[in-house]
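Letter by letter, the chains look like this.
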Amino acid sequence: MPTLGTTRSRLPAVAFLLFASARASAGEGDVRQAAALLDYVARSYRTAVVDGRVINPSEFEEQQVFASQAAEILGRIAEGEPFRAEAADLAGQVREKADVQAVSALATSLHGRLLAAAGLSTSPPPDVPARAAEYAYQQACTACHGVQGRGDGFAARTLETRPTDFTGADRAELTPYRVYSAVTFGVPRTAMPAFESLGDDQRWQIAIWTLAFGHSDEDARRGERIARDRGLSAEGRALVARSDADVRRVLAERGFSPDDAAAVLAWVRRMVPFAPPTPRGFPQLSTQVALASISYVHGRIDEARQRLRDAEAQVWWPLEPLVRAAAPGRIDPVRSAFRLARAAVDRRAERTRVLAAAAQVMARIGEAGPEQLPDPAVQREAGAIAALRDGLLAAAALLCALLLAAGAGARGAAAFAAAVGVAAGTALAARAVWTPSAAAGAEVACAAAFVVALAFWIAGRGGAAAAAIAGSALAATLASAEAATSCAAVAEAFASPVPEMVRGAIFAGATLGLSALVLAAAAAAVLRGRARWLRFSAAALLLACVSAAIWSAAERVRIAWPLVSSLAAAAPPFWGADRLRLWW
């Protein structure tokens, strides 16, 4: 990039488009050309005229040409129709050496309204890759502007006009958009060409990187702390689009000292444009996935694998009921993305593939997770889903336990066991000790209890009712703990209470429990005196519970890696344990 400016007062971002309309598309290119010319008049007219007197003849000549050119462009394109009269008036005011404030105000207003009407923005895109930006600058600009942006590249000495020093006073009025325009269309009367071969993203990257020169990383980090302490963090991206002079003016008006303002400006230039956007959806979940990818890049494969599993088991799983209530179709893409990311880590794929897989997970999370806590109706539905997810199994278990116990006079014991399970599960969740490993253990124990009950029933022995009661208590514990955990996870994700979700979970759980009791009582009344039919009905339910519990336990164990790996490691060294360890 040979040069962005001259030694005269002409700012490097003149657009620069004066003779470049053929280089741009007819619509957007003409609009941007006219806007850039208006922007230059708004900023530089004051350097040509003061109190009706011309103080810089060459600059005044340029101002007339730029204003007339803007009026000509707006006069021939459809987008300029609403602004033609004002543009012609502006050109006349410039010729008549009108008041500086009036000319600048009109040019600024025309510039903003023209871009807004065309749907164009002067703000750079968010999340610019720092490494790509530096590379784009090195490839296109260092020959003239130098590696450090001081205008001292090896080709600078051969140029008639001095390349812009991006570390000095030349940059005070520059914005990323003005540099972007110069890179896109070139600068008339200088050696600065138009870089038509560069993509739009690359031109923005160069524009942002050039303004990062002259600031240290240490100042940027200090500026980040100051901005956070002074409540300025949310405004960082808006400040990126403004010039250094504008940013300093804004900070001075807010009472920042010059030193603090310099540090905040360093943060705006060196950190904000290259920071990823605020995670959408569930921030903690996206952060966990990002940390997993960082661990993998640094060679900590086991840590990356553990972080991914923790993200899915401890964070995503409890949040699923809310997603199912708000947007059910977005659950499978997240699960699939997690599965692919885990597979990439397990097979030790290339870093780029793992990073791409992690990015896909975060993208799917962003699409699935709502930006804010949904309305009460969705919350109640999410609570009901959280309770039903394991509650259906618990209700069926309670029903079959009561039917099996009906002949043995153990109805009260079964109901009491289930109630204890509900209370225990709620207490566990409230004490924050309910983990994915605990859930997997409860599922496995529940499935084992049902299998034992089924075996006792097939053998015709009396232990079936007791085993089924144990399974129902475990299932009730699991259901209540999982529902409470989901409510807590949603409250944490949005940093707010979720009373409607809690109510939905309690109502659904209570309804299921009461329905099971009523059905058991009705079945016992209908089948009274027909113990064989009673036992047959209970056995059918028990068989369904066995199938559901085994399937659910397999899903839990798949996610709860720490439990399985620790059990396999602690087991005696026999053939089965080795096979289990290899399998997992």
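What you see is a predicted model; the values in this text were computed from it and never measured.

## Looking at the overall build of the chain
Looking only at helices and strands, the chain has 24 helices and two strands in total. In the chain, which comprises 584 residues, the proportion classed as buried is 49%. Residue pairs at least 24 apart in sequence account for 74% of intrachain contacts in the chain once pairs closer than 6 positions are excluded. Working note: accessible area of the chain is about 27100 Å², and carbon and sulfur atoms make up 58% of it.

## A word on the nonpolar core
One broad rule of soluble globular proteins: the nonpolar side chains tend to lie buried together. Judged by nonpolar contacts, the single largest core of 57 residues is most densely connected at V41 and L114. Of all elements in the fold, only α1 (26-44), α2 (57-76), α3 (84-95), α4 (100-118), α5 (130-140), α7 (176-185) and α8 (200-210) reach the threshold of two or more residues within this core. Element by element, the count of residues in this core is highest for α1, at eight residues. When near neighbours in sequence (up to four residues on either side) are disregarded, V41 contacts Q63, F66, A67, V94, V103 and A107. Of all hydrophobic cores here, the second largest spans 43 residues; its members include V334, A349, I385 and A483.

## Considerations on helix α20 (residues 464-493)
Here α20 spans 43 Å end to end across 30 residues, near enough to the 44 Å set by a 1.5 Å rise per residue. Along α20, 21 of the 30 residues are buried, which leaves the element largely enclosed by surrounding structure. Of the residues flanking the end of α20, it is A495, one or two places downstream, whose phi is positive at about 50 degrees.

## A look at the side chain of T175
You can see T175 is positioned in the loop between α6 (142-145) and α7. Owing to a relative accessible area of 7%, T175 belongs among the buried residues under this scheme.

## Digging into the packing of helix α11 (residues 244-253) against helix α12 (residues 258-270)
Taken N-terminus to C-terminus, the directions of α11 and α12 make an angle of 130 degrees; their axes are 10 Å apart at the nearest point. As the angle between them shows, α11 and α12 are arranged oblique. Relative to α12, α11 is oriented so that their crossing is right-handed. Of α12, the residues touching α11 (which contributes D244, V247, R248 and L251) are A261, A262, V264, L265 and R269. In terms of residue class, the contact of α11 with α12 is built from six nonpolar, no polar and three charged.

## Here's the deal with the pattern of salt bridges
Enumeration over the complete set of coordinates arrives at 18 salt bridges. For R76, the salt bridge identified is with E72, shortest N-O distance 2.8 Å. Taken together, the residues R76 and E72, both in helix α2 and four residues apart, mark about one turn of the helix. Between D246 and R249 there is a salt bridge, with the nearest N and O atoms lying 2.1 Å from each other. You can see D246 and its partner R249 sitting in helix α11, three residues apart, about one turn around the helix. By relative accessible area, which is 21% here, D246 ends up partly exposed. Here the salt bridges share partners, and the residues they tie into one network are D30, E72 and R76.

## As for the packing of helix α13 (residues 283-297) against helix α14 (residues 301-326)
Direction vectors running N to C along α13 and α14 enclose 170 degrees, while the axes themselves pass 7 Å from each other. On the basis of their axis angle, the class for α13 and α14 is roughly antiparallel. Side by side, α13 and α14 meet where Q284, L285, Q288, V289, L291, A292, S295 and Y296 of the first sit next to I301, E303, A304, R307, L308, D310, A311, V315 and W316 of the second.

## Observations regarding unusual backbone geometry
You will see that D51, though not glycine, has its phi angle at about 55 degrees, which is positive. Tracing the backbone shows D51 in the loop between β1 (49-50) and β2 (53-54). With a phi close to 55 degrees, R348 is a non-glycine residue in the positive phi region. By the secondary structure assignment, R348 is in the loop between α15 (331-346) and α16 (351-368). Residue class for R348 comes out exposed when judged on its relative accessible area of 54%.

## With respect to the confidence of the model for the chain
In the predicted model, the chain carries a mean pLDDT of 76, and the fraction of residues at 70 or more is 74%. The weakest mean pLDDT in the chain belongs to helix α24 (residues 575-583) at 38; the strongest belongs to α12 at 92. A low-confidence stretch, residues 561-584 (pLDDT under 50), is modelled with 18 contacts involving residues beyond four sequence positions or located in other chains.

## Examining α5
Within the span of α5, buried status applies to A133, A136, Y137 and A140. Projected down its long axis, α5 carries its buried residues within an arc of 95 degrees, all on one side. Along α5, the residues that are exposed and aim more than 90 degrees away from the buried face are R131 and Q139. Contacts made by the buried residues of α5 are with α6 and α8.

## Let's talk about the side chain of T142
Take T142: it is sitting in helix α6. Taking the relative accessible area as the measure of exposure, T142 reaches 18% and is therefore buried. At 2.8 Å, the side chain of T142 and the backbone oxygen of Q138 are in polar contact. Those residues in contact with T142 that sit more than four places away from it in its chain are Y137, V147 and G153.

## Some thoughts on empty space enclosed by the protein
For the structure shown, the criterion picks out two cavities of 30 Å³ or more. In this structure, the second largest cavity encloses a volume near 60 Å³. Surrounding the second largest cavity, V289, A292, S293, A304, L308, A341, V345, V354, A357 and A358 form its lining. Going through the elements one at a time, α13, α14, α15 and α16 are the ones with two or more residues in the lining of the second largest cavity. Taken together, the residues of the lining of the second largest cavity break down into nine nonpolar, one polar and no charged.

What counts as what
- Residues numbered from 1 in each chain as written.
- Predicted model: local features only at pLDDT ≥ 70, side-chain atom pairs only at ≥ 80, totals over all residues.
- Heavy atoms only, no water.
- Helix = DSSP H or I, 4+ residues; strand = E, 2+ residues; numbered from the N terminus.
- Buried < 20%, exposed > 50% of the residue type's maximum accessible area, 1.4 Å probe, protein only.
- Contact = heavy atoms within 4.5 Å.
- Areas by Shrake-Rupley, 256 points an atom, 1.4 Å probe, with all protein chains shown as cover.
- Core = buried A, V, L, I, M, F, W, Y, C linked by side-chain atoms within 4.5 Å.
- Expected span 1.5 Å × (residues − 1).
- Axes fitted to C-alpha atoms, helices over the stretch in contact; angles between N-to-C directions.
- Parallel < 35°, antiparallel > 145°, perpendicular 65-115°, else oblique.
- Left-handed = near helix turned anticlockwise from the far one by under 90°.
- Nonpolar A, V, L, I, M, F, W, Y, C, P; charged D, E, K, R; others polar.
- Salt bridge = Lys/Arg side-chain N within 4 Å of Asp/Glu carboxyl O.
- pLDDT = per-residue confidence, 0-100.
- Arc of directions from axis to C-beta.
- Polar contact = N/O pair within 3.5 Å; in protein donor to acceptor, adjacent residues only side chain to side chain.
- 1 Å grid on protein atoms, 1.4 Å probe; cavity = no way out; pocket = protein on both sides within 12 Å on 5 of 7 lines; lining within 4 Å.
- Points joined across faces, edges and corners; volume = space filled by probe spheres on them.

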